Amino acid sequence: MTNNEIAHIFRTIADILEINDENFFRIRAYRRAAQNIENITEDIREMVKEQRLHIPGVGVDLAQKITELAQTGKLEYFEALKKKIPAGLLEIMSIPGIGPKTTKLLHEQLGIDSIAALEKAAHEHKITAVFGLKEKTEENILKGIALLRHKHEHTLLSTAMAVAERITRELSRVPELSRMSVAGSVRRQKETVQDIDVLVTSTQAQKIMDAFIRLSPVSEILAQGPTKAAVRTIEGIQVDLRVVEPESFGAALVYFTGSKEHNIAIRELAKKNGLKINEYGVFSEQDERRVAGATEEDVYAALRLPYIPPELRENRGEIEAAMRGELPKLIERPQVRADLHVHSEWSDGNSSIEAMAAAARGRGFEYMAITDHSQSLGVAHGLSPARVSEQIAHIKTLNKKLKNFRILCGTEVDIKADGTLDFSDKVLEQFDVVLAAVHSGFKQSRDQMTMRLITAMRNPYVAIIVHPSGRLIDERPAYDFDFEAVADTAARTGTALEINCYPKRLDLDDVHVRRAREKGVMVSLGTDSHSPEQFQCMDLGVAVARRGWLEPGNVLNCLKLEEFLKRIKQKH
Ligand code: DGT
Ligand code: CA
C-alpha cells in the first residue's frame, strides 16, 4: 500500500459514510487524514514499521487503520463498509465531477446503481426531468463518463516516458542489440498514450526476446513470438517490442511511429510516385525493387520529402508543408532560456527560492520567474501585498549573490469571477512579470468565462494567462470559453498564453497551441514547479509546443533576458 492508495481508501470511506448519512465530523476526519497522508513525502510503511506514525489530523483510531492497511494491505472495516452500498455507486463516484451527494440522489430518485444506467438516463434526459438540475448537468455527467473511460485506457505521457526510458536503458545493455528506438504515440509525444512501442534491430532476435521478457519492470508476459513480444509492466502499461532487419529499420520506424493517419497519407503519396511503402521498405511498384528502408531520412527522401519530425506526424498538414518546404523549425529544449512559472515555500511550494534557483540553473536555464500565488488563494497560502514587498526585497538580495542567473519577481495573480485581479495595479506594477489564472468558479457560462479572461488580459500588467483552459487530463474537463475570442485578444493586447508543463495539465494543448501561433499569439512555457525536481517537466511542455508547430520565435522563454523584459514593458 502506497501513501496515495491509503489516502484513496480513506476518501472512499468518507464517500460511503456520506452516502449513508453518517456523522459529518467523522466524514471530515477521513477526508482531512487523506489530504495529510498525500502531503507527506515519506513512505507510511516505513513510519509504521518504526512505530512513529505521527500525521496531523490522524488520531488513535485512524492510526490503527493505517497500520492495518500498511501491514496487511487490507482493512476489515472498509471491506464491511463497502457491502453496505451497491457496488455500482462506488463506480459512479469515480466519475470526475460526481460526488457522494449526487450519487445518493441519483440512486434514491432514479434507482441508478451503475455507470451504464447513469449514461442511459443522461441520454434520455431523465436526470433533468427529475432533479430540475441545470441544463448542463447531463452534459457534464456524459463528459465525466468519457473522461473516466479514456483514463482507464490511457497513461499520461510523463508516466509512459519514464517507463519507456527504463525499458530502453535496460535493453540497451543486451550485447546482441544494434539499433533501438521508441515508436508509436510515445515518440510522437502525445499527451496520453495507450501503450509503448519499441523497435530494435539485431541479428539474434531470440536473445533480444529472452532479455525483454526478463526486464525488471515486467510483471506479465502477454505474447511472445520469434520477433514480436508484448508485456505488461508493474505500472500496468503494455509494452510491445518488435525486432526488424537492419535494412527495414527506417521503414518500420516510420510505420510504427504512425500516426495511422500519417501512414495512410504517405502511402497514397508513394502510390502517386509509382512506389509502394510498408513496414519493410519503399519499393518500386514496377519491379518490386527496394528503393529505401534503412533510415527514416531515406524513406522520406524516396517520397521526395524532407525528414518530418515525429511530433508532426498526425496528418494535420505536415505532408503538404513538407512538400512546399515549409515545415516549421521546431523549438528544441536547449533553446528554452527560462522557466516562467515557479512556486516557492512562500506560497504552496515546498522549497526556498534559493533552492529553486539552484535547480533551475542546474537545468540550464538563464533566468526564472518566481510566481507565487496572490492573497485570496488561502489554500495555497497566497501572499499579501506586504509579503510581496518582503519577497521582492529578498529576491533582490539573492540576485546580488548570483552570477549568470537572474531570478525575476513574479506573481500568479488570481482572476476573480468578474475578471478583475486579486491585486491592485499598484501592487502589480512592482513585479517583473505577472501571470494570471482562473482558480475557481469553473462552472461559469461560456460568455462569462470568455469575458473574465478577456478582462484580465486587458490589464496592462498581465503578461501571461497560465493554464488557460483549466483542464486536468482525464480528471477535469476544460471550462467552457470561446478560445478564438480569447486568442484574438491575446494577440491584440500582446498577452502570452501558457503551455503549463505539469504532467496532468499540458494546457494549452497541441491543437490550441497551433491555433494560437496562427493568430500570432506568443506562447509561454511554465513548469509550475513546486519542488526542484519538477523542472524536468519542461520537456513535456516542449513536446506540446512541438506538436503545436512552434518555433523558438513563437515562445517567450526563448528570448534573452533583456529582450524578455523589454517585451513585458511594451505591454505596460
Ligand atoms: P496509442 O493508441 O497511444 O498506442 O497510439 P499509437 O499511434 O502508438 O498506435 P498503435 O500502438 O496502435 O500503433 C502504432 C503505430 O502503428 C501507429 O501509430 C501506426 C501503425 N499502425 C497501427 N495500425 C495501423 C493500421 O491499421 N494502418 C496503418 N497504416 N498503420 C497502423
Ligand atoms: Ca502505441
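Residues numbered from 1 in each chain as written. Chains lettered and ligands numbered in written order. Predicted model: local features only at pLDDT ≥ 70, side-chain atom pairs only at ≥ 80, totals over all residues. Heavy atoms only, no water.

Structural notes on the coordination of the calcium ion (ligand 2)
Phase 1: Looking at the calcium ion (ligand 2), the protein donor atoms are Asp-195 (OD) and Asp-197 (OD), and they sit 2.1 to 2.3 Å from it.
Phase 2: We classify Asp-197 as buried; its relative accessible area is 11%. (Donors = N, O, S within 2.8 Å, 3.2 Å for Na, K, Ca; no water. Buried < 20%, exposed > 50% of the residue type's maximum accessible area, 1.4 Å probe, protein only.)

Section: the domain arrangement of the protein chain
Phase 1: By domain assignment, the protein chain separates into domain 1 (3-153), domain 2 (156-244), domain 3 (255-324) and domain 4 (333-571).
Phase 2: Inter-centroid distance (C-alpha atoms) of domain 2 to domain 3 is 24 Å.
Phase 3: Each partner contributes to the interface: domain 2 provides nine residues, whereas domain 3 provides 11 residues.
Phase 4: Across the domain 2/domain 3 interface, buried area totals approximately 830 Å², and carbon plus sulfur atoms make up 50% of it.
Phase 5: It is Arg-187, Arg-188 and Arg-242 that lose the most area in domain 2 upon contact with domain 3, and together they represent 66% of the buried surface on that side.
Phase 6: Along the contact surface separating domain 2 from domain 3 lie two salt bridges.
Phase 7: Here Glu-296 and Arg-187 are joined by a salt bridge, their closest N and O atoms 2.8 Å apart.
Phase 8: Seen at the junction of domain 2 and domain 3, the total is seven residue pairs in polar contact (both at pLDDT 80 or more).
Phase 9: Secondary structure elements with two or more residues in the side of domain 2 that touches domain 3: β2 (177-183) and α12 (184-187). (Domains from an automatic or database assignment. Contact = heavy atoms within 4.5 Å. Buried area = accessible area lost by both parts, 1.4 Å probe. Salt bridge = Lys/Arg side-chain N within 4 Å of Asp/Glu carboxyl O. Polar contact = N/O pair within 3.5 Å; in protein donor to acceptor, adjacent residues only side chain to side chain. Helix = DSSP H or I, 4+ residues; strand = E, 2+ residues; numbered from the N terminus.)

Points about the sheet that holds strand β7 (residues 238-244)
Phase 1: Read across the sheet, five strands follow the order β2-β4-β7-β6-β5 without closing on themselves; strand pairing throughout is mixed. Looking at the sheet topology across the chains shown, the edges are occupied by β2 and β5 (218-224). Between one strand axis and the next, the sheet turns through 25° on average, direction left out of account.
Phase 2: By the bridge criterion, six bridges tie β2 to strand β4 (residues 195-202) in an arrangement that is antiparallel. Directly across from Met-180, in β4, lies its bridge partner Val-200. (Pairing = 2+ DSSP bridges. Axes fitted to C-alpha atoms, helices over the stretch in contact; angles between N-to-C directions.)

Comments concerning the site of ligand 1
Phase 1: Around ligand 1, a shell composed of 15 residues is seen, among which Ser-185, Arg-188, Gln-194, Asp-195 and Arg-267 lie nearest.
Phase 2: One of the side-chain N or O atoms of Asp-195 is found 2.9 Å from an oxygen atom in ligand 1.
Phase 3: Between an oxygen atom of ligand 1 and a side-chain N or O atom of Asp-197, the distance comes to 3.3 Å.
Phase 4: Coverage of ligand 1 by the protein chains reaches 73% of its 590 Å² of free accessible surface.
Phase 5: When grouped by side-chain class, the residues that make up the shell around ligand 1 number three nonpolar, seven polar and five charged.
Phase 6: Each of domain 2 (156-244) and domain 3 (255-324) contributes no fewer than three residues to the shell around ligand 1. (Near = heavy atom within 4 Å. Areas by Shrake-Rupley, 256 points an atom, 1.4 Å probe, with all protein chains shown as cover. Nonpolar A, V, L, I, M, F, W, Y, C, P; charged D, E, K, R; others polar.)

Regarding helix α25 (residues 561-571)
Phase 1: Listing the buried residues of α25 in full gives Leu-561, Phe-564, Leu-565, Ile-568 and Lys-571. On an axial view of α25, the arc spanned by its buried residues comes to 115°, and they lie on one face. What points out from α25, more than 90 degrees from its buried face, is the exposed set Glu-562, Lys-566, Lys-569 and Gln-570. (Arc of directions from axis to C-beta.)

Quick word on the sheet that holds strand β8 (residues 275-278)
Phase 1: Read from one edge of the open sheet, three strands run β8-β9-β10, paired in antiparallel fashion. Each edge of the sheet is formed by a strand with only one pairing partner; in this case those strands are β8 and β10 (290-292). Direction aside, neighbouring strands of the sheet carry axes that sit 35° apart on average.
Phase 2: Inspection of the sheet shows strand β9 (residues 281-284) paired to β10 by two bridges, in the antiparallel sense. In the strand pairing of β10, Val-282 is matched with Ala-292.

A look at the packing of helix α1 (residues 3-19) against helix α2 (residues 24-39)
Phase 1: Packing of α1 against α2 leaves a shortest axis separation of 8 Å and a crossing angle of 165°. Between α1 and α2, the crossing angle belongs to the class labelled roughly antiparallel. Judged by the twist between their axes, the crossing of α1 over α2 is left-handed. Contact residues: α1 offers Asn-3, Asn-4, Ile-6, Ala-7, Phe-10, Arg-11, Ile-13, Ala-14, Asp-15, Leu-17 and Glu-18, while α2 offers Arg-26, Ile-27, Tyr-30, Arg-31, Ala-33, Ala-34, Gln-35, Ile-37 and Glu-38.
Phase 2: Split into classes, the residues belonging to the contact of α1 with α2 amount to 11 nonpolar, three polar and six charged. (Parallel < 35°, antiparallel > 145°, perpendicular 65-115°, else oblique. Left-handed = near helix turned anticlockwise from the far one by under 90°.)

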